[in-house]
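# Architecture and fold: a report
Below are the chains, spelled out letter by letter.
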Amino acid sequence: MAKAGAARGMATEKQIFNQIQSSSNIQKITSSMKMVSAARLKGDVTRLALAKPCNQWTDALCGEAVLMEELDEVTFEELPQKTLIVPISSDKGLCGGINSFISRCTKDAVAKLAAQGKECDVVVIGDKGRAQLSRAIPDKIIRTATEVAAPGSYNLAAALSSELTAAGAADYDAVVIVYNSFVNAATYKQYYKVIKPM
């Protein structure tokens, strides 16, 4: 007599109970992750609100940052002959669109400056930007800074400015910082700020 193949039947009560327990455990973990990320976001928003007044004096020194809503409308014609572009991206996370726009803007700036007969080099801050730009414009990248600690502080800004100085920032007519500005959890605006020597 031939042996009958194993037939798949209904799940037992114990299997159903284990599946329900597993699902509820995942829900608890997800809920606690949401609470942690909400607390971190609130702390970051508070630090940003406290830091913005400290940054206002840079507008008087360097002029206001330029909003980049449509890359087709941004010409970069105001940039001098030799420019150092500093895109600021993140080291980790699933912020693909945020980092991608910074990389796209940097590539666009390099192409437009080359078309105008101007020189530029790039110092990338953040691992996501380094990964994207090293494929697109590897010959323009002269230095990268990754594993940048968050949240930002004066010591971090001083360390990054030392990196830029080591990259030869004094040899350029201007340094252009390309960055995201937080609006809310779902929206960021992209700016670039031109810093010229005094």
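Residues numbered from 1 in each chain as written. Predicted model: local features only at pLDDT ≥ 70, side-chain atom pairs only at ≥ 80, totals over all residues. Heavy atoms only, no water.

A grouping of Glu 69, Glu 70, Asp 72 and Glu 73 is seen on the molecular surface, where their side chains present a negatively charged patch. By secondary structure assignment, the location of Asp 72 is in the loop between strand 1 (66-67) and strand 2 (82-87). Looking at Asp 72, the relative accessible area reads 74%, which means it is exposed. (Patch = residues over 30% accessible without salt bridge, like charges linked within 9 Å, V, L, I, M, F, W, Y side chains within 5 Å. Areas by Shrake-Rupley, 256 points an atom, 1.4 Å probe, with all protein chains shown as cover. Salt bridge = Lys/Arg side-chain N within 4 Å of Asp/Glu carboxyl O. Lys, Arg positive; Asp, Glu negative; His and termini not counted. Charge placed at Lys NZ, Arg CZ, Asp CG, Glu CD. Helix = DSSP H or I, 4+ residues; strand = E, 2+ residues; numbered from the N terminus. Buried < 20%, exposed > 50% of the residue type's maximum accessible area, 1.4 Å probe, protein only.)

Phi angles above zero are rare outside glycine, and Phe 76 is one such case at about 60°. Mapped onto the elements of the fold, Phe 76 is located in the loop between strand 1 and strand 2. For Phe 76, a relative accessible area of 2% puts it in the buried group.

In terms of nonpolar packing, the biggest core is built from 23 residues, with Met 68, Phe 76, Ile 85, Val 122, Val 178 and Tyr 192 touching the most fellow members. Those elements giving two or more residues to this core turn out to be helix 3 (96-115), strand 3 (119-125), strand 5 (174-184) and strand 6 (187-195). With residues up to four places along the chain from it excluded, the contact list for Phe 76 reads Cys 105, Asp 108, Ala 109, Lys 112, Leu 113, Gln 116, Lys 118 and Tyr 192. (Core = buried A, V, L, I, M, F, W, Y, C linked by side-chain atoms within 4.5 Å. Contact = heavy atoms within 4.5 Å.)

Together, Trp 57, Leu 61 and Met 198 give the surface a local cluster of nonpolar side chains, amounting to about 430 Å² of exposed area. Note that Leu 61 resides in helix 2 (residues 57-62).

Let's shift gears to the side chain of Ser 103. With respect to the secondary-structure elements, Ser 103 resides in helix 3. Residue Ser 103 is classed as buried on the basis of its relative accessible area, which comes to 2%. Other than its neighbours up to four places away in sequence, Ser 103 contacts Gly 129, Gln 132 and Leu 133.

Taken as a whole, the protein shows an average pLDDT of 84; of its residues, 93% reach a score of 70 or greater. Mean pLDDT values over the elements of the protein span from 80, in helix 2, up to 93, in strand 2. (pLDDT = per-residue confidence, 0-100.)

This brings us to the pairing of strand 5. Two elements, strand 2 and strand 5, share 5 bridges in a ladder whose sense is parallel. Of the residues in strand 5, the one forming a bridge with Thr 83 is Ala 174. As paired elements, strand 5 and strand 6 share 9 bridges and run antiparallel to each other. Looking across to strand 6, one finds that Val 176 is bridged to Val 194. Connecting strand 5 to the antiparallel partner strand 6 that follows it, the hairpin turn spans 2 residues. (Pairing = 2+ DSSP bridges.)

Bringing the packing of aromatic side chains into the picture now. For any pair of aromatic rings, geometry is given as the distance between the ring centres together with the angle between the planes. Taken as a whole and assessed by the stated rule, the structure comprises 3 aromatic pairs. An angle of 20° between the planes, with centres 6.0 Å apart, marks the rings of Tyr 179 and Tyr 191 as stacked. Residue Tyr 179 is found in strand 5, and its partner Tyr 191 is found in strand 6; the two are separated by 12 residues along the sequence. For the ring pair Phe 182 and Tyr 188, a centre distance of 5.6 Å and an interplane angle of 80° mean the geometry is edge-to-face. (Phe/Tyr/Trp six-rings, centres within 6.5 Å; stacked < 30°, edge-to-face > 60°.)

On to the sheet that holds strand 6. The 6 strands are arranged 1-6-5-2-3-4 in an open sheet whose pairing can be described as mixed. Two strands lie at the open edges of the sheet, namely strand 1 and strand 4 (141-145), each paired on one side alone. The sheet contact formed by strand 2 and strand 3 spans 4 bridges and is parallel. Pairing of Ile 85 across the sheet is with Val 122, part of strand 3. Against the sheet, helix 5 (residues 154-166) engages strand 2, strand 3 and strand 4, with an angle of about 160° to strand 4. (Axes fitted to C-alpha atoms, helices over the stretch in contact; angles between N-to-C directions.)

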